[in-house]
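Now for the letters of each chain:
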Amino acid sequence: MNGVLRFALIFTLLTSCVFSPKSKRYPQAEMSSSTTIDGDGAVLLKYDSRYELGIQQFVKFIVFLDKDQIPKNIIFQNTNLFAFHSDYLLTRSEFSGWSRAQIDEVSLKSGPNRKMILGTVFSHYFDDPVLGNNVKTSFEIVSSELTDIKTVKSIHQLLANSSPEMLNSKYLAYLATGSFRNQILQQKDELAQEGIITLDLFKNKKRQVYVKGWTVGKVLMAKAQDLSQLIQDQKVNSQTILILDEAPREIPPVAGLIIAQPTAPSSHINLLAEMFQIPFTYDKDAFKSYQNVSDKLVYYRADSLQEVVVSLISENTHKRLWAVKVPKPLKFEINANQKPIVKVDQLKEEDVSAYGGKSTRLGLIRREVPEHTVSTALGIPIYYFRQFLNQGVMPNGQSLATFVDEKLKSITPQMSYSETVAILDVVRKAIKSTQIAPDLLNEIHLQLKAFFPNPSQRLKLRSSANVEDGQEFNGAGLYDSEGVWLTGAPVGKENDLEKGLNKVWRSIYSDRGYLARSAFGVSEQNAAMGVLVHEPFKNEIANGVSLYIPSTDQFTSDSLVITGFPGEDSTVTNPNGKDQPEVIKATKAFNGGWVMQTEQSSTLLPVGQTLMQHEEYSKLADIMQKIADKWPGGKPTAGLDFEWKLMQNGQQRHVVIKQVRPLPAKRKEQLKDGSNFFILGETLQELEIGYPESNAAFAQHFCPEKIAIEMPSMSEMDLQKSVMIPRVRFTLRNKKYEYMQVGATVQTHPNDKYTKFTLGFNLASDLSKEHRFFVTNLYKNSDFIYDKISTSISPGETDINPVKPFFQKIDSYSCVARSPQFLDVSSELNMEDLKISHTIKFKNGNEGAVQFEGFYKLQSGFDKTAHYIITKTVFTGFGLKKPATISVPRGAVYAGEHHNFGWGFSADLMASDMSKEDYAMFTKAYGRYMLLDFSDLQQVAWLKPNGKLSDKVKVTMD
């Protein structure tokens, strides 16, 4: 089936089965007495059609247990109409009047009261990686505990018996997901003995870039659990690139971070890396991939396209580039004179210095979307923190403020990490042991009680430092929050306002907070802590973090990345490292709405289920857009970071915003001379000569040999000088050439917004007196470093000019076929393994035959064309004394038109092993190039040395 027809069929099914307001209900299927199908939710089970299965994606089922707790009867619910199991079950008469909690009690945990088991069948018919595992469908079991293998086998058999065609037991896998994913995977061998395949949908995710950017430093490979000891042993510093087995709990300011196990994109470790502007990636094979650079100086880049570069560099390059990475000191203002505790609604941008960033940002949320955040929020100003320090007295009579100041001044840049944190620990203990002056505490208590008069009031005290939630300094996760009882604490609890204030205030001197400020050169004299106060959030269904990314030009739209977990125990800001959060990408559509795309499902949710409904995601997106539009000074160029919650209020679900902060703006990076830098490897790196397909429109003719070049790293200023290429190695016609210290010329392109400069150099071979190579395409963009290069080849001036104007001068062979027809979707699989051999025979006369061999290679792009890469061509007959062979080690691509002859294959006889006599005879009788028209496989023509095309000759192809 061709691609167009397939698309039409899928589109018809989508519009008729999925998007209809109310789907037709099908009668109960006649499968077995133990199976019922309720409505069209089980369409994939009723019809033996892969299209319905692909569209349906998943169907929820319920397995009822008999009195002996044995799975007996299975029901497939209409999942299009009922998103959750409880939604459907509550419509059945036997559960009339039940609550969702009651259904959970009899379905999620084993025991005598269990009446049913909940699950989901999931389709993998259009999931190519899973197809490779011989899996077409899978099922998961929703439970609060690990399901025993005997029960899994029973459910597997019930599913297989319910629909032998669609749920064939050979292709039906048990899905390892949810909080028991690792335990299920540990049972893989035991399940296999029962004939059950175990499927892990998350195992194929091998790389993810959390924080993009570049850095230089020395690589240290270690286990995360050993990081603290390594820091104490002074083996970790600001110029260290850490490669760890998993995400650490915290990181000091290092140069870069790579982990071998994934973490949540919006975890605190990720936000800290974002704040420090530390490139941060997950690479499953990190310990294997980067073993050769352990304990060596490297350049490390991670970009938004999930591309990661780790290249060895010299000490000189490291020194030049590290000078660029050292940030300029940041300045923050402090205002300790504002005394009143106020509603955050009245705080504006200029109040950050007095009330802190968090209180001020929540004030913007309260003004713009008051119905989507806490009802009352207060800001305790920095004034009270300073008063506490000034009034506190140490046992020796010294003021607490003086003691803290002296201890902080005793920390020097030469100190080890352990020495620094030891001093900070002394500071925090001194603050913790100091009581707040009674009059000061009473003043705070009375003001809070005026806003929160409830006699048994629980409040949340949150950090709101003046060096927090800023555009240059994010501060995520640096400071502490605390829940307190203002009055009327329950039995066994205490009214602990003083303890809570003390904890939040002293967190300004947390290890991570101090080290972060130190890394950015913030003066400790200007760092102080305010406090944000509001009621705690209750009845939380889900929580998460959303990143708002503003459009950068007229061709892009605002976008969001929404991550989250169900409930309130698992958070994306502090994940456990095992469970994966849901990740939703939202893009602003032209009609003003939002287009949602699930990029990752949470391991804590049933497969196919999302945290929120589409309208709830849209509401969250609209709220974020509204706040971004009202941001003081205009939308932050780097974007905004929101913390959100989905709350349950009676029967109503409600999206609320907990806080917002700007994402760290990118620091300006420059060499001292103001120029940019080109880092091109400094080790022998293999590049491909030419990009034939991209040049095809100009009928350029290449065979992509490979060239290995050891490139110098240099600044734009260095380009004013002569450039020496340390080493060049390339292969041409199976012969290897190597050159050392090659002089290179530079051509700049100041008016070309895509190419920064062209680096060219000449190399001689025994094929011609010189070849001219160009290293090009060093793209201009906002980056300070350019490291993306490609190569092209141009022949020397003395090379012959075989054909004009069709082919450019080139000393190589031509060897290509291209088939421009649309491909069927199924033919995309394993295309490079598809070997093909053809023989062309001429109809008129007995001139000879041409056999060519090669393989298909699928090309990306709108047309999905396939390219036939030729590896060998043999000419027989034609009056030749013996067959002539063109051997092409790597194949090549040619695409172009000549006098409307059409796309095709060509063969250059100059590249064959013909004798001189045969070559002279052949080119005179026919031509140097043979062209085959793929639009009509029965036509061949010869291109003469003078550039003219011969008459078309009818041929047959075997």
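Residues numbered from 1 in each chain as written. Predicted model: local features only at pLDDT ≥ 70, side-chain atom pairs only at ≥ 80, totals over all residues. Heavy atoms only, no water.

Pairing is mixed across the open sheet formed by seven strands, whose spatial order is β8-β12-β11-β10-β9-β13-β14. At either margin of the open sheet sits one strand with a lone partner, and together these are β8 (207–211) and β14 (308–312). Averaged over all pairs of adjacent strands, the angle between strand axes in this sheet comes to 30 degrees, irrespective of strand direction. Pairing geometry for strand β13 (residues 297–302) and β14, over five bridges, is antiparallel. (Pairing = 2+ DSSP bridges. Helix = DSSP H or I, 4+ residues; strand = E, 2+ residues; numbered from the N terminus. Axes fitted to C-alpha atoms, helices over the stretch in contact; angles between N-to-C directions.)

Our next topic: the pattern of salt bridges. Applying the stated rule across the entire model yields 27 salt bridges. Here D303 and R301 are joined by a salt bridge, their closest N and O atoms 3.0 Å apart. No difference in accessibility class separates D303 from R301, as the two residues are buried. Close ionic contact of R727 with E738 constitutes a salt bridge, the shortest N to O distance being 3.7 Å. With a gap of 11 residues between them, R727 in strand β30 (residues 723–732) and E738 in strand β31 (residues 735–748) connect regions that are remote in the sequence. When its relative accessible area of 43% is taken as the criterion, E738 is described as partly exposed. Where salt bridges share partners, they join D425, R428, K429 and D511 into one cluster. (Salt bridge = Lys/Arg side-chain N within 4 Å of Asp/Glu carboxyl O. Buried < 20%, exposed > 50% of the residue type's maximum accessible area, 1.4 Å probe, protein only.)

The next subject is the packing of helix α16 (residues 382–391) against helix α19 (residues 438–451). When two helices pack together, their arrangement is given by the angle between their axes and by how far apart the axes lie. Viewed as axis vectors pointing N to C, α16 and α19 meet at an angle of 160 degrees, and their least axial separation amounts to 11 Å. If you check the angle between α16 and α19, you find them roughly antiparallel. As α16 runs across α19, the sense of the crossing is left-handed. Two secondary-structure elements touch here, α16 through Y384, Q387, F388 and Q391 and α19 through L440, E443, I444 and Q447. (Parallel < 35°, antiparallel > 145°, perpendicular 65-115°, else oblique. Left-handed = near helix turned anticlockwise from the far one by under 90°. Contact = heavy atoms within 4.5 Å.)

So, on to the packing of aromatic side chains. A complete count under the given rule lists 13 aromatic pairs for this structure. On the numbers, 4.9 Å between centres and 85 degrees between planes, the contact of Y383 with Y384 is edge-to-face. A ring pair is formed by F388 and W505, whose centres lie 5.3 Å apart and whose planes are at 25 degrees; its orientation type is stacked. Within this pair, whereas F388 is found in helix α16, its partner W505 is found in helix α20 (residues 497–506), the two being separated by 117 residues in sequence. We note that F388, like W505, is buried. Of the aromatic side chains, those joined through ring pairs into one cluster are F875, F878, F922 and Y926. (Phe/Tyr/Trp six-rings, centres within 6.5 Å; stacked < 30°, edge-to-face > 60°.)

A word on the confidence of the model for the chain. Within the chain, residue pLDDT values average 76, and 74% of them lie at 70 or more. The low-confidence segment residues 1–56 (pLDDT under 50) makes 96 contacts with residues lying over four places distant or belonging to another chain. Low pLDDT (under 50) marks residues 796–833, which in the prediction has 123 contacts with non-local residues, meaning those over four places away or in another chain. (pLDDT = per-residue confidence, 0-100.)

Next up on the list: the nonpolar core. Counting 73 residues, the largest nonpolar core has L501 and W505 as the members making the most contacts within it. Looking at which element gives the most residues to this core, the answer is α16, with six residues. Ignoring any residue separated from it by four or fewer positions in sequence, one finds W505 in contact with Y384, F385, F388, I436, I444, M529 and V531. Listed in part, the 40 residues of the second largest apolar core include L347, V374, A377 and F642. (Core = buried A, V, L, I, M, F, W, Y, C linked by side-chain atoms within 4.5 Å.)

This brings us to α20. Taking burial as the measure, the 10 residues of α20 include seven buried ones, the bulk of the element. Of the positions making up α20, those classed as buried are L497, G500, L501, N502, V504, W505 and R506.

Turning our eyes to something else, we now look at the packing of α19 against α20. Relative orientation of the contacting elements α19 and α20 amounts to 105 degrees, with a least axis distance of 11 Å. Taken together, the axes of α19 and α20 are roughly perpendicular relative to one another. From α19, L441, I444, H445 and L448 reach across to α20, where they touch L497, E498, L501 and W505. Of the residues in the contact of α19 with α20, the class split is six nonpolar, one polar and one charged. (Nonpolar A, V, L, I, M, F, W, Y, C, P; charged D, E, K, R; others polar.)

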